[in-house]
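Close look at the chain arrangement
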Amino acid sequence: MGADVCFATTEDLLEYFKDHTEIDFDTETEGFDPYTCKLLSAQFGDAKNQYVVDCNTISMQEFKGLLENPNICWNMQNAKFDLKFLYHQRIVPKKIFDTFLAERVLTTGLFRARKALDFLVHKYCGQTMDKTVRGNIHREGLSKRVIIYAATDVAYLGEIKRKQIAKLTEQNLLKAMQLDNLYVKVLAYIEYSGFKLDRDLWIKKMEKDYANLDKAHTALNDWIINSEFKEYIDTQLDLFSEDLKCRINWSSSKQVVEFFKKLGVDTQIKDSKTGGFKDSVDAKVIKPQKDLSPIIPIYLQYKGYEKVVSTYGNSFLKAINPVSGRIHTQFTQIMDTGRLSCGGKNRSTKEEYINFQNIPATPEDREEDMVYARDCFIPEEGYNFIVADYAGQEQIVLANQSLDKDILEFYDKELGDMHSFIASKIYPEIGDDLNQIKKNHKNKRQIAKSAGFAINYGGNGITIADNLSISQEEGEEVYESYFRAFPGLKNHFAKAKQGVLNTGYVEFNTLTKRKSYIDFFDEYKKLEKRIREYGFWDRYRAGKANDTHEFRTELRPLVKDFFKYQGMMERKSLNYPVQGTSAEITKLAGVYLFNHLEEQGQLFDTWLPNVVHDELLVECKEEYAEELAKVVKDCMEKAGARYYTRVPLKADPYIGKDWCH
DNA sequence: ATCTGTAGCGCC
DNA sequence: AAAGGGCGCTACAGAT
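Residues numbered from 1 in each chain as written. Chains lettered and ligands numbered in written order. Predicted model: local features only at pLDDT ≥ 70, side-chain atom pairs only at ≥ 80, totals over all residues. Heavy atoms only, no water.

**Some points on the protein's contact with DNA strand B**
Rules: The rule for a residue being near a molecule or strand is that one of its heavy atoms must lie within 4 Å of it. Nitrogen and oxygen atoms within 3.5 Å of one another constitute a polar contact, given that in protein one can donate a hydrogen and the other can accept it, and given that sequence-neighbouring residues count only through two side-chain atoms. Each residue is assigned to one class: nonpolar for Ala, Val, Leu, Ile, Met, Phe, Trp, Tyr, Cys and Pro, charged for Asp, Glu, Lys and Arg, and polar for all the others, Gly among them.
Around DNA strand B, a shell composed of 20 residues is seen, among which S280, V281, D282, R339 and D614 lie nearest. Here DNA strand B approaches the protein such that, of its atoms within 4 Å, sugar and phosphate make up 82%. V281 places a main-chain nitrogen or oxygen 2.8 Å from a phosphate oxygen of DNA strand B. The contact in question runs from a phosphate oxygen of DNA strand B to an N or O atom on the side chain of D282, over 2.4 Å. Residues belonging to the surface near DNA strand B are distributed by class as follows: seven nonpolar, six polar and seven charged.

**Some details on the environment of A629**
The test is simple: Helix numbers and strand numbers start at the N terminus; a helix is a DSSP run of H or I with at least 4 residues, a strand a run of E with at least 2. Contacts are assigned to residue pairs that have any heavy atoms within 4.5 Å of one another.
Counting through the fold element by element, A629 comes out in helix α26 (residues 625–643). Placed 244 residues apart in sequence, A629 and F385 show a C-alpha to C-alpha distance of 9.4 Å. Beyond its immediate chain neighbours, meaning those up to four positions away, A629 contacts I386, P653 and I655.

**Observations concerning the side chain of T10**
Defined as follows: Under the scheme applied here, a residue whose accessible area is under 20% of the maximum for its type counts as buried, over 50% as exposed, and between as partly exposed, the area being computed with a 1.4 Å probe on protein chains only.
Positionally, T10 belongs in helix α1 (residues 10–17). Look at T10 and you get buried, because its relative accessible area is 13%. Among all residues touching T10, those that are not within four sequence positions of it are I58, E62 and F63.

**What to know about the domain arrangement of chain A**
Spelled out, the test is: Note: domain ranges come from an automatic or database domain assignment. Once two parts are brought into contact, the accessible area they lose, counted with a 1.4 Å probe and summed over both, makes up the buried area. Here, a salt bridge means any Lys or Arg side-chain nitrogen found within 4 Å of an Asp or Glu carboxyl oxygen.
Here the domain parsing of chain A yields domain 1 (10–171), domain 2 (199–375) and domain 3 (395–573). Taken together, the contacts link five residues of domain 2 with four residues of domain 3. It is T274, D336 and T337 in domain 2 that bury the most area against domain 3; as a group they hold 58% of the surface buried on that side. There are zero salt bridges connecting domain 2 and domain 3. If you look at where domain 2 meets domain 3, you find one residue pair in polar contact (both at pLDDT 80 or more). Tallied by class, residues from the side of domain 2 that touches domain 3 come to one nonpolar, three polar and one charged.

**Digging into the packing of aromatic side chains**
Quick note on the threshold: Aromatic pairing here means that ring centres of Phe, Tyr or Trp (its six-membered ring) are within 6.5 Å. Orientation follows from the plane angle: under 30 degrees is stacked, over 60 is edge-to-face, and everything else is tilted.
Counted by the stated rule, this structure contains 59 aromatic pairs. Note on Y16 and F17: the rings are 4.9 Å apart at their centroids and 85° apart in plane angle, and the pair reads as edge-to-face. With a relative accessible area of 0%, F17 lands in the buried category. Centroid distance F32 to F81: 5.9 Å. Interplanar angle 80°. Geometry classified as edge-to-face. Of this pair, F32 sits in the loop between β1 (22–29) and β2 (39–45) while F81 sits in helix α3 (residues 79–88), placing them 49 residues apart in sequence. Classification of F32 by relative accessible area gives partly exposed; the value is 35%. By relative accessible area, which is 19% here, F81 ends up buried. An aromatic cluster is built from F195, W202, Y312, F316, F356, F377, F385 and W659, whose rings are joined through pairwise contacts.

**What to know about the side chain of S481**
With respect to the helices, strands and loops of the structure, S481 is situated in helix α21 (residues 472–485). The class of S481 is buried, set by a relative accessible area of 7%. Within the structure, S481 has its side chain in polar contact with the backbone oxygen of V478 (distance 3.1 Å).

**Points about the environment of P363**
Along the chain, the position of P363 falls in the loop between β13 (352–353) and β14 (383–389). For the pair P363 and V309, spaced 54 residues apart in sequence, the C-alpha separation works out to 17 Å.

**Considering the protein's contact with DNA strand C**
S252, G344, T463, Y540 and K560 are the nearest of the 37 residues found near DNA strand C. Looking at DNA strand C alone, sugar and phosphate atoms form 74% of those within 4 Å of the protein. The separation between a phosphate oxygen of DNA strand C and a polar side-chain atom of S252 is 2.3 Å. Between Y353 and DNA strand C, the recorded distance is 3.3 Å, taken from a backbone N or O atom to a phosphate oxygen. Mapped onto the surface near DNA strand C, the elements with two or more residues apiece are α11 (253–263), α13 (295–310), β11 (341–342), α19 (442–456), α20 (461–468) and α25 (549–599). If one sorts the elements of the surface near DNA strand C by residue count, α25 sits on top with eight residues. Within the surface near DNA strand C, the residues separate by chemical class into eleven nonpolar, 18 polar and eight charged.

**Here's the deal with the pattern of salt bridges**
Side-chain pairing between opposite charges can occur once the charged atoms of the two side chains come close. Under the defined criterion, the tally for this structure stands at 41 salt bridges. A salt bridge links K633 to E637; the shortest N-O distance between them is 3.2 Å. Placement of the pair is K633 and E637 together in helix α26, with a separation of four residues, close to one helical turn. In this structure E637 comes out as partly exposed when scored by relative accessible area, which is 22%. Residues joined by salt bridges that share partners form a network here, namely K405, D406, E409, K413 and K425.

**Brief notes about a positive patch on the surface**
Note the threshold: Put simply, a patch holds well-exposed residues, over 30% relative accessible area, that have no salt bridge, with like charges counted together within 9 Å and Val, Leu, Ile, Met, Phe, Trp or Tyr side chains within 5 Å. Surface exposure here means Shrake-Rupley accessible area, sampled with a 1.4 Å probe, where a residue is shielded only by the protein chains that are shown. Neither His nor the chain ends is counted toward charge; the positive residues are Lys and Arg and the negative residues Asp and Glu. To locate a charge, take NZ of a lysine, CZ of an arginine, CG of an aspartate or CD of a glutamate.
A cluster of like positive charges, contributed by K544, R556, K560 and K564, occupies part of the molecular surface. Sort the elements by how many residues they give to the positive patch and α25 lands first, with three residues. For K564, the location among the structural elements is in helix α25. Relative accessible area serves as the criterion here: at 40%, K564 is assigned to the partly exposed category.

**Focus on the sheet that holds β2**
Selection criterion: Any two strands are treated as partners once DSSP identifies two or more bridges connecting them. The axes used here are C-alpha line fits, helices contributing only the stretch in contact, and every angle between their N-to-C directions lies in the interval 0 to 180 degrees.
Sheet architecture is open: five strands sit in the order β3-β2-β1-β4-β5, paired in mixed fashion. Two strands in the sheet have a free side with no partner beyond their single neighbour: β3 (50–54) and β5 (95–98). Pairs of neighbouring strands in the sheet enclose a mean axial angle of 30°, with direction left out of account. Across the sheet, helix α7 (residues 144–155) is in contact with β1, β2 and β3; its angle to β1 comes to roughly 140°. Against the sheet, helix α8 (residues 157–170) touches β1, β4 (73–76) and β5, its axis set at about 95° to β4.

**Digging into the packing of helix α15 (residues 393–402) against helix α16 (residues 405–412)**
The condition that has to hold: Note that the term roughly parallel is reserved for angles under 35 degrees, roughly antiparallel for angles over 145, roughly perpendicular for angles of 65 to 115, and oblique for everything else. Crossings are classed by handedness, with left-handed meaning an anticlockwise turn of the near helix from the far one by less than a right angle and right-handed meaning a clockwise turn.
Close contact between α15 and α16 brings their axes to 9 Å; oriented N to C, the two are set at 130°. Considered as vectors, α15 and α16 are oriented oblique to each other. Crossing of α15 over α16 shows left-handed handedness. Between α15 and α16, the contacting residues are Q395, I396, A399 and S402 on the first element and I407, L408 and Y411 on the second.

Written out as structure tokens, the structure is:
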């Protein structure tokens, strides 16, 4: 671009933008962490003029009024990043349009739009951005070419936004986009808040985990050394040692498979990728065979400790921020179902981020003297946690979406135990006294529980049979009776399946109309076209009968792929609306809560350390806790009611010093 | 030494 | 014809 660089004062900038209702905004920083890295520049712009503020000489406080002006929408690419640096200056913009999030909303399911702006500049403006200057910002300061580079980052945002809004309108996605543009402020705040880890307790936990792992490891090796499996004993003694050694690396599933087969364990499972069989020492495969040999339970124990030692170990300590003393992780805001994900690694800085969404839940029956991972997450001195999750969030969303008469009855009459209720519907002969079923028909209740779970995720009779280790026929029978019992659900699911096959996307709900697009839909349609060609099935049958080359190499794989894709789409069509709408409800609850904190002046005094799909975690001063817990409950239920009123979503916050669940 | 794919498993 | 949804991390195994 024919750039013309000239000097301007803070007053010039404020004067220029005073009547703007939208401003393109970006920052350059020393790095990714607002606690340890400085803000270098801030760029304010529109299509005509861009201002580059040197943050070394000018305080961002000069622009606080502008940035917090409620009439201005800030157009940003990946706003979460810049927001954290603004939060660090206690500046909270009111309205955001994030071109990165808009792109993800437009292309959910297809591919994951990246955070770099150059892709969108190319896609929407046909321009190529020169990113080579970026690396020099730190070294050469605000030189002319750096100024031009920095200004370029905000020159295109307005144009991208307008073109995105046209597409969002066309695809009926404006509301989904609005929700995520509201939520990005919340998610930035969650990352900025961080989560306090008790370092000493975590070290104690690691020591105990290591000791347990070591004990299990020794037990495994001793078992081998004292066994008949001489081929796994290393007899080549070390010069100064008389110890025999076990040759098996217990962390290698390949080696353990080999040994377990010799032990007589059935390691065969179906490979869903190839359709053939493969060997596995997955816990769910070998656990049912644990009575075969005492080494199997020891191995399972070893695997458990290996997991907590490796995944939930030293990386957590390394992640503690030297300035805040807390762990600040990174979330991704829009995955294929609109859910968040968490964790990751920065490719350039090698920084590793902790996944806050899969930290082991503390078991009900705590072992004496054990330290569990969640025990180590604590509130600051004088603060409390408020832990709030939705009760049966996905189940209730499904009830509202399917409006199945009998499922509604369960909620209307507050019958209590869902699994017993389903059992009573599948097996009418056991009556409808749910307490009695829970006590006297444990097996049928277990079948109902497992079936309900599988079916909600698109499973079928065979899945149920696999899960319960019952015959295929029995599994099919459970599947059939489930849908006989809930015809409304059956009808709802049939419509969902038809929908995705017709359109190539799954629409989550009627409020936001958020969609997840099927990335292999074109391929599916091509296969479908071939299969629908006149005479295809005659050729298929003839080929199959004669086992022809064409059948093996062309016809069979084609049909196989066709049905594989169709099955995948159908299962997504059942699950995504439930999972995705639940994610939206949790996001909206977060927005309501954030707005409350902002209005009450409680931001930076009350923290949001984590969010896990259906759960919000708040950290506030002890004296706020009682009242704020009510607000949290209210925000969550209000968010639920924005989507569904037929069966209300409920939340019940817990106040305490621990992250219990 | 570094990368990629897979198995296995943690959470909802 | 296949046969439960969504994620991310760690170890191994095999490759470069």
